[in-house]
Amino acid sequence: TWLGSLLQLSALFGLSTFPSFSAAHDDPKDLVRLLKRSLKLLLFLGLPATAGGVLLAEPLITFFSTGKYLSAAPILSILCLSVVPFFVSNLTIIVLTIRRPGLLNPIYFGLLALNVLLNLFWIPEWGAKGAAWATVACEWVGLGVGFWTIRDALRGVTRWKFLGPLLASLVSTLGMGLLIHRD
């Protein structure tokens, strides 16, 4: 429930910002401005949530349920690695919905097929951990495909514009992770 609630936060963010992105679909500078601000917020929330989930899986399971589920802590740790791509892919989904909605179904079908294929190979080998890794892999592939398909919306934007928010989030996450690890 903790991870599901966290992922809903990202979905709600996407729904609440959709009108602003829709209004900016013809203005590349405004669209990039919205993408950068949204990316900054989503990374600021997603990176610490990922680190916290990975490092605190056992205490989170104990807090939200009972000790009988502690054996699922390694799986929760793995699944938390999908938080950042899930958060950020909402931005690519919004841009695709506005600019190229016909690509969404093929992308999702391809990710579904990839997930099934990975599960067919990884579950027999690694069990539930294999299924968790398949989910994480598909989220990261989906993020990469998403950014590749919206690259035209990002024309003229240097990668450096997105580096600032990423570095700020990484530094704050590193600090949090070090404090948690020391405790």
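Residues numbered from 1 in each chain as written. Predicted model: local features only at pLDDT ≥ 70, side-chain atom pairs only at ≥ 80, totals over all residues. Heavy atoms only, no water.

## Some words on the overall build of the chain
And step 1. Assigned secondary structure in the chain consists of 8 helices and 0 strands.
And step 2. Ordered by position in the sequence, the α and β elements of the chain form the string α-α-α-α-α-α-α-α.
And step 3. Taken against the 2.2 N^0.38 rule, which gives 16 Å for 183 residues, the C-alpha radius of gyration of the chain at 18 Å falls within 12% of a compact globule.
And step 4. The principal-axis extents of the C-alpha atoms in the chain amount to approximately 55 × 40 × 25 Å.
And step 5. Every one of the 183 residues in the chain was classed for burial, and the buried ones make up 38%. (Helix = DSSP H or I, 4+ residues; strand = E, 2+ residues; numbered from the N terminus. Rg over C-alpha atoms; globule rule 2.2 N^0.38 Å. Buried < 20%, exposed > 50% of the residue type's maximum accessible area, 1.4 Å probe, protein only.)

## Considerations on helix α7 (residues 128-149)
And step 1. Compared with the 32 Å implied by 1.5 Å per residue over 22 residues, the 31 Å span of α7 between its first and last C-alpha is a close match.
And step 2. Every buried residue of α7 is accounted for by Gly130, Ala132, Ala134, Val136, Cys138, Gly142, Leu143, Gly146 and Thr149.
And step 3. Buried residues along α7 sit against α4 (73-79), α5 (83-99) and α6 (104-126). (Expected span 1.5 Å × (residues − 1). Contact = heavy atoms within 4.5 Å.)

## A few points about α6
An α-helical turn contains 3.6 residues, so any two residues separated by three or four positions project in the same direction.
And step 1. Taking 1.5 Å per residue, 23 residues should reach 33 Å; α6 reaches 31 Å between its end C-alpha atoms and fits that length.
And step 2. Approximately 30° is the largest bend angle found in α6, and it occurs at Asn119.
And step 3. Turning to α6, its buried residues are Leu104, Ile107, Leu111, Leu118 and Asn119.
And step 4. On the buried face of α6, the contacting elements are α5 and α7. (Bend = angle between axes of the 7 residues up to and from the residue.)

## Details of the pattern of salt bridges
And step 1. Here the structure, examined in full by the defined rule, presents 1 salt bridge.
And step 2. The residue Asp30 makes a salt bridge to Arg33 at a minimum N-O spacing of 2.6 Å. In this pair, Asp30 and Arg33 both sit in helix α2 (residues 28-55), 3 residues apart, roughly one turn of the helix.
And step 3. By relative accessible area, which is 39% here, Arg33 ends up partly exposed. (Salt bridge = Lys/Arg side-chain N within 4 Å of Asp/Glu carboxyl O.)

## Overview of a nonpolar patch on the surface
And step 1. A surface patch of nonpolar side chains, about 670 Å² in accessible area, is lined by Phe109, Leu112, Val116, Leu117, Leu120 and Phe121.
And step 2. By relative accessible area, which is 59% here, Leu120 ends up exposed. (Patch = residues over 30% accessible without salt bridge, like charges linked within 9 Å, V, L, I, M, F, W, Y side chains within 5 Å. Areas by Shrake-Rupley, 256 points an atom, 1.4 Å probe, with all protein chains shown as cover.)

## Considering the packing of aromatic side chains
And step 1. Using the criterion set out here, one finds 2 aromatic pairs in the structure.
And step 2. Over the ring of Trp148 we find Arg151, and its NZ or CZ is 4.0 Å from the ring centre. (Phe/Tyr/Trp six-rings, centres within 6.5 Å; stacked < 30°, edge-to-face > 60°. Lys NZ or Arg CZ within 6 Å of the ring centre and 35° of its normal.)

## As for the environment of Asp27
And step 1. As for its position among the elements, Asp27 is in the loop between α1 (2-23) and α2.
And step 2. Spatially, the C-alpha atom of Asp27 lies 9.5 Å from that of Ala153, the residues being 126 residues apart in sequence.

## Some points on the layout of surface pockets
And step 1. In this structure, the second largest pocket encloses a volume near 300 Å³.
And step 2. Forming the walls of the second largest pocket are 17 residues, and the residues nearest its centre are Ser89, Tyr108, Leu111, Glu139 and Gly142.
And step 3. Where the lining of the second largest pocket is concerned, the elements lending two or more residues are α5, α6 and α7.
And step 4. Considered class by class, the residues forming the lining of the second largest pocket number 9 nonpolar, 7 polar and 1 charged. (1 Å grid on protein atoms, 1.4 Å probe; cavity = no way out; pocket = protein on both sides within 12 Å on 5 of 7 lines; lining within 4 Å. Points joined across faces, edges and corners; volume = space filled by probe spheres on them. Nonpolar A, V, L, I, M, F, W, Y, C, P; charged D, E, K, R; others polar.)

## Focus on the nonpolar core
And step 1. Among the nonpolar cores identified, the biggest contains 35 residues, and Leu3, Phe21, Leu35, Val83 and Leu91 are the most heavily contacted of them.
And step 2. Among the elements that take part in this core, α5 stands out by supplying 9 residues, more than any other. (Core = buried A, V, L, I, M, F, W, Y, C linked by side-chain atoms within 4.5 Å.)

## Digging into the side chain of Ser10
And step 1. Mapped onto the secondary structure, Ser10 falls in helix α1.
And step 2. Here the side chain of Ser10 touches Asn90 through a polar contact of 2.3 Å, side chain to side chain.
And step 3. Residues contacting Ser10, with those up to four places away along its chain left out, are Phe86, Phe87 and Asn90. (Polar contact = N/O pair within 3.5 Å; in protein donor to acceptor, adjacent residues only side chain to side chain.)

## Quick notes on the packing of α6 against α7
And step 1. Following both chains from N to C, one finds α6 and α7 inclined at 155°, their axes separated by 8 Å at the closest point. Classified by the angle between their axes, α6 and α7 sit roughly antiparallel to one another. When the axes of α6 and α7 are compared, the crossing they make is right-handed.
And step 2. Counted by class, the contact of α6 with α7 contains 15 nonpolar, 6 polar and 1 charged residues. (Axes fitted to C-alpha atoms, helices over the stretch in contact; angles between N-to-C directions. Parallel < 35°, antiparallel > 145°, perpendicular 65-115°, else oblique. Left-handed = near helix turned anticlockwise from the far one by under 90°.)

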